[in-house]
Structures are given as structure tokens and as C-alpha cells.
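Tertiary structure, described
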Amino acid sequence: MVSPRRAGRDPNPDPPARVASLKLPILGYHAVLPLATSEQVRGTVAVHDFRLQIEWLVRRGYLGISVSEAAARLRRDDPQQDRAVVLTFDDGYRSVIEHALPVLEESGFTATLYIVTAAMDRTTDWYVKKGGRAFPHASWNELENAAKRGFDIGSHSVDHLRLSKVADEVLTDQLQRSRAEIAQRVGACDHFAYPFGDVSEKVIQATKAAGYQTAVTTLKGFNTPDTAPFELRRQMVSRTTSLRRFRRKVGHWW
Ligand SMILES: [Zn+2]
């Protein structure tokens, strides 16, 4: 008896594993502020640096897109697509509406804003705790206006809690109530960003059950059609991200 493995070539081999042709970077920002880089607290980006990053993307022929567009591209897996970079902003700061969106619009770029619904129209002390100033969050009117201009509004929960640590009913409420309020204000809310990047299998299942189509993490890496839609990889950009490191985050190695 010859063992099956040594009986020569299988006439009907399994098809080769599919090689994903599309590799999308998703960049994550927080506040974008008109301050010198040295004055910024962790997690913020100076408008000047943000503009340099967007100008570099334009020069290299990249298109900045929203998570909605990225989800469609990943489903299609079309190798003929433009070079694209997905742009996301967490927490819904007014500074993003004031300083980042106009820069994106000049280049024909769009983006996704993940907002914390209970923080809208308020000024939180989140950056004060990190030794920074208090930054206001956008108003609902400003978000509605951004949505009309083509920006995608996603949810970052109601209260920005660590979702893997909360009770089941709180988890469901944080996911459903924020989605319902955003959908009511701007028409749709299909995408979620886990607060603090904190996620577990239970949180993933609850996010799916709440009706979202995708969710982003803060795990590094690129996204292909094989990436789990509720574990999208994301590269965070902050004041310490040099243009050289920014290029690497986009996947530009040359
Ligand atoms: Zn956040």
C-alpha cells in the first residue's frame, strides 16, 4: 500500500489559498488643534502636521475615504481600485470639524467621525486628566452639517466606557442607544469604534447584534478582504508621528 500522501499528485488539488489583493490602511486621529506640536498632549495632532500628512497623501496619489466606502471596497476586492487610505476621528471633537474637515474637503477626501453621543455639545475633561486643556465636542448641528457634506458619522458609544468590563445590559444599551440617536440625527449609523480599543468576543457579538456593519480596534496592521469586519485594524496618528512614521502607517515603504 502506498500512503495517499505518496501516491503522486492529487489530480484535483484544493484551489490555492486566495491571495487578498486589497490592503487598506485605516488611520485613527483624535483632536486636531491649531497649536504647536510641542504644546499638544498625547493623542492630539497639530493642524500644521495634519495638513502636511494630507498633502503628502495627495502628492502620492492616495484618496482619503470613509469606513463606509472602505467596507464596500473590501467586499468588492477589486484590484483595480485607487490607492486609498481610510481616515477616522474618535470622540467627536469640534476641532476636527473646524480644522480637519476643511483640509480634507480641499483634497476631495472624506472620513468617518466616531462620536460619543453623551459628550456631544459638551466640553469634557478627558484631556485635562492627561495634563492638557479641555476641548469641546461638536454640536449635533455641526455633525448634521458634516454628514450633509459627505462625512460618515459612526458610533463610539454613549459614555465611552470599557465595554469588556460592563454588565450585559449596559453593553447592549451603549451600542444600541448611540446607534439609534446618530441614525435619527444624520440618517444612518453602521460603523462602531470600541472605546479605548477595549474589545472581547462578547463585545464583538453584541456589536454585530446591535446592527452595525463594522467595528475598528486599535490593533495595528492593514485590512484585507479576509480581515474580520468587527476587528478592523487601525494605525493611530498622534503628535509624535513623524512624516516618516506616517508613511509607514500608510504602508508606503519606498
Ligand atoms: Zn475614544
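Scroll up for the structure.
First, a word on what this report is: a plain description of the structure on this page.

Rules used in this analysis
- Residues numbered from 1 in each chain as written.
- Predicted model: local features only at pLDDT ≥ 70, side-chain atom pairs only at ≥ 80, totals over all residues.
- Helix = DSSP H or I, 4+ residues; strand = E, 2+ residues; numbered from the N terminus.
- Buried ≥ 20, exposed ≤ 12 C-beta atoms within 10 Å, placed from the backbone.
- Contact = placed C-beta atoms within 7 Å.
- Pairing = 2+ DSSP bridges.
- Core = buried A, V, L, I, M, F, W, Y, C linked by C-beta atoms within 7 Å.
- Right-handed = clockwise from strand over helix to strand, strands pointing away.
- Axes fitted to C-alpha atoms, helices over the stretch in contact; angles between N-to-C directions.
- Parallel < 35°, antiparallel > 145°, perpendicular 65-115°, else oblique.
- Left-handed = near helix turned anticlockwise from the far one by under 90°.
- Nonpolar A, V, L, I, M, F, W, Y, C, P; charged D, E, K, R; others polar.

1. Re the overall build of the chain
Of regular secondary structure, the chain possesses seven helices and twelve strands. The buried share of the chain, taken over its 254 residues, is 39%. Across the chain, the fraction of contacts at a sequence separation of at least 24, relative to all contacts at a separation of at least 6, is 66%.

2. Brief notes about the pairing of strand 1 (residues 26-29)
With burial as the criterion, each face of strand 1 is covered, one bearing Ile 26 and Gly 28 and the other bearing Leu 27 and Tyr 29. As defined by bridge partners, strand 1 adjoins strand 12 (residues 235-236) across two bridges and the pair is classed as parallel. Bridge pairing in strand 12 places Gly 28 opposite Met 236.

3. Here's the deal with the environment of Ile 115
Take Ile 115: it is sitting in strand 6 (residues 112-115). As for Ile 115 and Ala 193, which are separated by 78 residues in sequence, their C-alpha atoms are 8.8 Å apart. Apart from residues no more than four positions distant in its own chain, Ile 115 is found in contact with Gly 92, Met 120, Leu 143, Ile 153, Ser 155, His 156 and Ile 182.

4. Let's talk about the nonpolar core
Of all hydrophobic cores here, the largest spans 61 residues; its most connected members are Val 32, Val 86, Val 96, Leu 113, Ile 115, Ile 153 and Ala 215. Per-element accounting of this core gives the leading share, five residues, to helix 3 (residues 94-106). Filtering out sequence-adjacent residues up to four positions away, Ile 153 remains in contact with Leu 113, Ile 115, Leu 143, Ala 147, Ile 182, Val 186 and Cys 189.

5. Comments concerning the pairing of strand 6
A two-sided burial pattern is seen for strand 6, the buried positions comprising Thr 112 and Tyr 114 on one face and Leu 113 and Ile 115 on the other. Across four bridges, strand 5 (residues 84-91) lies against strand 6 in parallel orientation. What sits directly across from Thr 88, in strand 6, is Thr 112. For the crossover that starts at strand 5, traverses helix 3 and ends in the parallel strand 6, the hand is right-handed.

6. Considering the packing of helix 1 (residues 47-59) against helix 3
Their axes nearest at 10 Å, the elements helix 1 and helix 3 cross at an angle of 20°. By the criterion of interaxial angle, the relationship of helix 1 to helix 3 is roughly parallel. In the packing of helix 1 onto helix 3, the handedness of the crossing is right-handed. Residue-level contacts link Val 47, Phe 50, Arg 51 and Ile 54 of helix 1 to His 99, Ala 100, Val 103 and Leu 104 of helix 3. Residues belonging to the contact of helix 1 with helix 3 are distributed by class as follows: six nonpolar, one polar and one charged.

7. Some points on the environment of Pro 229
Positionally, Pro 229 belongs in the loop between strand 11 (214-216) and strand 12. A count of 19 C-beta atoms within 10 Å places Pro 229 in the partly exposed class. Measuring from C-alpha to C-alpha, the distance between Pro 229 and Ala 71 comes to 8.1 Å, with 158 residues separating the pair along the chain. Beyond its immediate sequence surroundings of up to four residues, Pro 229 is in contact with Gln 213 and Thr 214.

8. Remarks on unusual backbone geometry
For Ser 157, which is not glycine, the phi torsion reads 80° and is therefore positive. Structurally, the position occupied by Ser 157 is in the loop between strand 9 (152-155) and helix 5 (168-186). At His 160, a residue that is not glycine, the phi angle is positive and equals roughly 60°. Within the secondary structure, His 160 is located in the loop between strand 9 and helix 5.

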